[in-house]
2 protein chains.
Amino acid sequence: MLDDRKIRVLCAVIDSYLREAEPVGSRTISKEYDLGVSSATIRNEMSDLEDLGYLNKPHSSSGRIPSDKAYRFYVNNILKAEKIRMDVEKKEDIKRILIRESREIDELIQNSAKILSAITNYTAMALSPQIKKMKLKHIQLVPIDEREVLVVLVGDSGIVKNTIFRLDQDIAYEQLERISNFLNRKLKGLTMSSIKGVMSGEIFKEFYDYKSTLDRIIPVIIDSFERNNDVEVYLDGVTRIFDFPEYRDTEKAKSFISFIEDKEQLLNVLLNNTLKEDIEVIIGEENIYDTIKDCSLITATYKLGDMTIGKIGVIGPTRMDYLTVISSLKLFSANLSEIIEMLLKR
Amino acid sequence: MLDDRKIRVLCAVIDSYLREAEPVGSRTISKEYDLGVSSATIRNEMSDLEDLGYLNKPHSSSGRIPSDKAYRFYVNNILKAEKIRMDVEKKEDIKRILIRESREIDELIQNSAKILSAITNYTAMALSPQIKKMKLKHIQLVPIDEREVLVVLVGDSGIVKNTIFRLDQDIAYEQLERISNFLNRKLKGLTMSSIKGVMSGEIFKEFYDYKSTLDRIIPVIIDSFERNNDVEVYLDGVTRIFDFPEYRDTEKAKSFISFIEDKEQLLNVLLNNTLKEDIEVIIGEENIYDTIKDCSLITATYKLGDMTIGKIGVIGPTRMDYLTVISSLKLFSANLSEIIEMLLKR
DNA sequence: GTTAGCACTCTTCATCCTTGAGTGCTAACT
DNA sequence: AGTTAGCACTCAAGGATGAAGAGTGCTAAC
């Protein structure tokens, strides 16, 4: 579709624009990029590229800037093909820092966002592990007093969730103990999200003696999962957006930050998409929210074993250093998965 | 020190400037505030007020704007004296909403910040209850497997803190059980912060049989308090700062948001100060951080019983609607204390 | 197909001027 | 002695103008 020279011109425009944040003229390219043709030829090529939708002009006598389509082409065809390989040394450096600074998983995720933002100079965000995907390692009912019971759920990633609930009738300590043991036997090893189905089903039949008690406790436990949408989103470097000339305008900065501050939208954006690819790049208009249609969002997943349990990503103007961001993210993706596994076996 | 007319002029300047955000001229005052004197007289008064440090001029031929000293005078002498009384109806409205929307304490605090920001149009922040001030209601050691133990601490406000720790030696279930009971007996009712002292002291003597086990467990529990500085800060309406003309400038907005985003600084500011007054007003230069020397910060406390356990506040430009903010905060302070008590007795 | 050359477009920036709001001072008034 | 009117002066804000510069698109020649 695009011949070789058009691609080289396009890449030159992108490269220049990524660095300078100014519309790129034909003369700039002919002087600074060794394409072996004159500015007039490049002018013609750029005109073609504009017709094809890869370049835009802010006004009739200005240089060109890359369109979303250009960035998409760049990411899919130029970057994917070549040179994104991991800098092993850098990876290990970061790994060392992360391990040194992080004692718990949430702290690890938060530190990752911090370092990622520092490395890339963009706003970074990271999702804490999703508890619904965890396997249950232990469940315990702890009596606090005659009327209060604490349900403690421990996941295999060491994440703990607890809920206190009150009963309208006393429960004997031994009874709780037996229910605790029973639930443990039945539920241990299941993923948190599958527990719901099991709980409402067979358990009652198998453990009929305690039906009246279970009747009261189980809804509480299920409810605790229902409400358990509290995946934490860690942000770092929010104000870096101000460093980009495209956000000099207060209105734009405001709408960006409003978006970032809205946890719900942020979760939608981070969780909505497929999780199929390890690295996902969403460019400008591809975003589902209008407020960030001039932003690009790049996310990577991290895993526990072979299960994807969380995400880490970067958001910034579409004029983004895709190469650096993507390679940084690959590195974080790998590191996080490794460190989490390590933390758990510690 | 200030005669009556000077005070009236000063109040007029403040009133006008709070509303218009523009330097106030003598003519404006003589026309819009019924002081019964001509603009020339007001001009003389304003000149005096400038000499006394209550007014400033952005440039030699502009109107005056109030200084920090003026706002301080206004808050201390004008507002304190009169008209800050609680709008009981409004208080009850808000109380109803808060109760309806909040099931847990943390949710309550977060919702409070949200509503406070919506009411005042400033950035609101709220501190979750400080766990160190809580009384311990229950402590439980839950065995997860042979080498792992979960320590669960339940505070009297229902806040739960847990830490998993690993032992280098197996512990029998019954032994844990007995330690658990023992710790409960010993520590229940103490404030979290006083536990540290007790733990490292007498316990060993009284329970010598378990010394070897306690030796390993206790440091972990203490450590969990040490690290337990994780008071949550909830923010809401961060981007409202953009609505104020004094923050049109991107640099200013950036430094404000950088400050707000830095949890550590924020905690310092919120916790550093005395807690003596129910309502605390910090104006401009009185702030300890340079980045917010053109902001005012108004905070209120909320209590559990007679113990102050948290704070809620508002931050914005020194040109702030002190009256509205202070009366709103009084109302939230009262509501929060009442609702928390209610939630706990539920 | 490529290139040089040129007319044309459009933004940016500096300069200049006008306008208007506001002050400070002085002299007259009560 | 305090108050006021009047006036000269200052300064910021806004609009108009014009030159400079970057860039394009087209044409004609290579």
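Each remark here, short or long, concerns the structure printed above.
Heads up: these notes are all about the structure in this document. Think of each chain on its own: its residues are numbered from 1, step by step along the sequence as written. Each chain is given a letter, starting from A, and each ligand a number, starting from 1, according to the order in which they appear as written. Where totals are concerned, whole chains, interfaces and linings use all residues; where local detail is concerned, this predicted model gives features only for residues with pLDDT of at least 70, and gives and counts side-chain atom pairs only at 80 or more.

1. Things to note about the overall build of chain A
So, step 1. If you tally the helices and strands in chain A, you get 13 helices and ten strands.
So, step 2. Put simply, a residue is buried when 20 or more other C-beta atoms lie within 10 Å of its own C-beta and exposed when 12 or fewer do; between those, it is partly exposed, and each C-beta is set from the backbone. Across the 346 residues in chain A, those meeting the buried criterion constitute 36%.
So, step 3. Here, residues touch in the contact sense if the C-beta positions derived from the backbone fall within 7 Å of one another. Considering only contacts in chain A between residues 6 or more positions apart, those separated by 24 or more positions represent 59%. A run of H or I in DSSP becomes a helix once it reaches four residues, and a run of E becomes a strand once it reaches two; helices and strands are each numbered from the N terminus.

2. Quick look at the relation of the copies chain A and chain B
So, step 1. With an RMSD of 0.1 Å, the fit of chain A onto chain B corresponds to turning through 180 degrees and sliding 0.1 Å along the axis. What the rotation and shift describe, once combined, is the action of a two-fold rotation axis. Of every C-alpha in chain A, the one belonging to A:Thr250 sits nearest the axis of rotation, 3.1 Å from it.
So, step 2. In this assembly, 96% of the residues forming the interface of chain A have copies in chain B that are likewise at the interface, indicating an isologous arrangement. To line up the copies, we fit them by least squares on C-alpha atoms, keeping just the residues with pLDDT of at least 70 in both.

3. A few points about the interface of chain A and chain B
So, step 1. Contacts between the two partners involve 23 residues from chain A, matched on the other side by 23 residues from chain B.
So, step 2. Contributing elements (two or more residues each) for the side of chain A that touches chain B: β4 (136–143), β5 (148–155), β6 (160–166) and α11 (250–261) of chain A.
So, step 3. Broken down by element, the residue count for the side of chain A that touches chain B peaks at six residues, all from α11(A).
So, step 4. Each residue is assigned to one of three groups, with Ala, Val, Leu, Ile, Met, Phe, Trp, Tyr, Cys and Pro labelled nonpolar, Asp, Glu, Lys and Arg labelled charged, and all others, Gly among them, labelled polar. When its residues are assigned to classes, the side of chain A that touches chain B shows eleven nonpolar, seven polar and five charged.

4. Examining the protein's contact with DNA strand C
So, step 1. Using a C-beta atom placed from the backbone, a residue is described as near a molecule or strand when that atom lies within 6 Å of it. Close to DNA strand C lie 20 residues, the nearest being A:Val37, A:Thr41, A:Ser61, B:Gly25 and B:Ser26.
So, step 2. Of all the secondary-structure elements, those providing two or more residues to the surface near DNA strand C are α3 (39–51) of chain A together with α2 (26–32) and α3 (39–51) of chain B.
So, step 3. Take the surface near DNA strand C: its biggest share by element is four residues, from α3(B).
So, step 4. Of the residues that constitute the surface near DNA strand C, the class distribution is four nonpolar, 13 polar and three charged.

5. As for the environment of A:Lys133
All names here are of chain A.
So, step 1. On the secondary structure map, Lys133 appears in the loop between β3 (123–127) and β4.
So, step 2. A count of 18 C-beta atoms within 10 Å places Lys133 in the partly exposed class.
So, step 3. Remark: the alpha-carbon pair of Lys133 and Asp156, spanning 23 residues in sequence, is separated by 9.9 Å.
So, step 4. If we ignore the near neighbours within four places in the chain, the residues touching Lys133 are Thr191, Met307 and Ile309.

6. A closer look at the environment of A:Val325
All names here are of chain A.
So, step 1. Here Val325 is to be found in helix α13 (residues 322–345).
So, step 2. The exposure class of Val325 is buried, given the 25 C-beta atoms found within 10 Å.
So, step 3. Excluding residues that lie within four positions of it along the chain, Val325 makes contacts with Thr120, Tyr122, Ile298, Val314 and Met320.

7. Considerations on the sheet that holds strand β9 (residues 295–304) of chain B
Two pairing modes exist for strands in a sheet, parallel and antiparallel, and in both the strands are linked by backbone hydrogen bonds.
All names here are of chain B.
So, step 1. Paired strands are those between which DSSP finds at least two bridges. Sheet architecture is open: five strands sit in the order β7-β3-β10-β9-β8, paired in antiparallel fashion. Strands at the two margins of the open sheet, each flanked by one partner only, are β7 (233–236) and β8 (279–283). With direction set aside, neighbouring strand axes in the sheet form an average angle of 15 degrees.
So, step 2. Two elements, β9 and strand β10 (residues 307–317), share ten bridges in a ladder whose sense is antiparallel. Considered in β10, the bridge of Ser296 is made with Gly316.
So, step 3. Running at roughly 100 degrees to β7, helix α12 (residues 263–272) makes contact with β3 (123–127), β7, β9 and β10 of the sheet. Note on definitions: angles span 0 to 180 degrees between N-to-C directions of axes, and those axes are lines fitted to C-alpha atoms, for helices only across the stretch in contact.

8. Here we look at the protein's contact with DNA strand D
So, step 1. As a matter of local geometry, DNA strand D sits amid 20 residues, with A:Gly25, A:Ser26, B:Val37, B:Thr41 and B:Ser61 nearest to it.
So, step 2. Of all the secondary-structure elements, those providing two or more residues to the surface near DNA strand D are α2 (26–32) and α3 of chain A together with α3 of chain B.
So, step 3. It is α3(A) that contributes the most residues to the surface near DNA strand D, four residues altogether.
So, step 4. Its residues assigned to classes, the surface near DNA strand D comprises four nonpolar, 13 polar and three charged.

9. Some points on the sheet that holds strand β9 (residues 295–304) of chain A
Residues and elements named next belong to chain A.
So, step 1. Sheet architecture is open: five strands sit in the order β7-β3-β10-β9-β8, paired in antiparallel fashion. Each edge of the open sheet carries a strand with a single partner, namely β7 (233–236) and β8 (279–283). Taken over all neighbouring pairs, the strand axes of this sheet differ in orientation by 15 degrees on average, direction set aside.
So, step 2. In the packing of helix α12 (residues 263–272) onto the sheet, the strands contacted are β3, β7, β9 and β10 (307–317), and the crossing angle to β7 comes to about 100 degrees.

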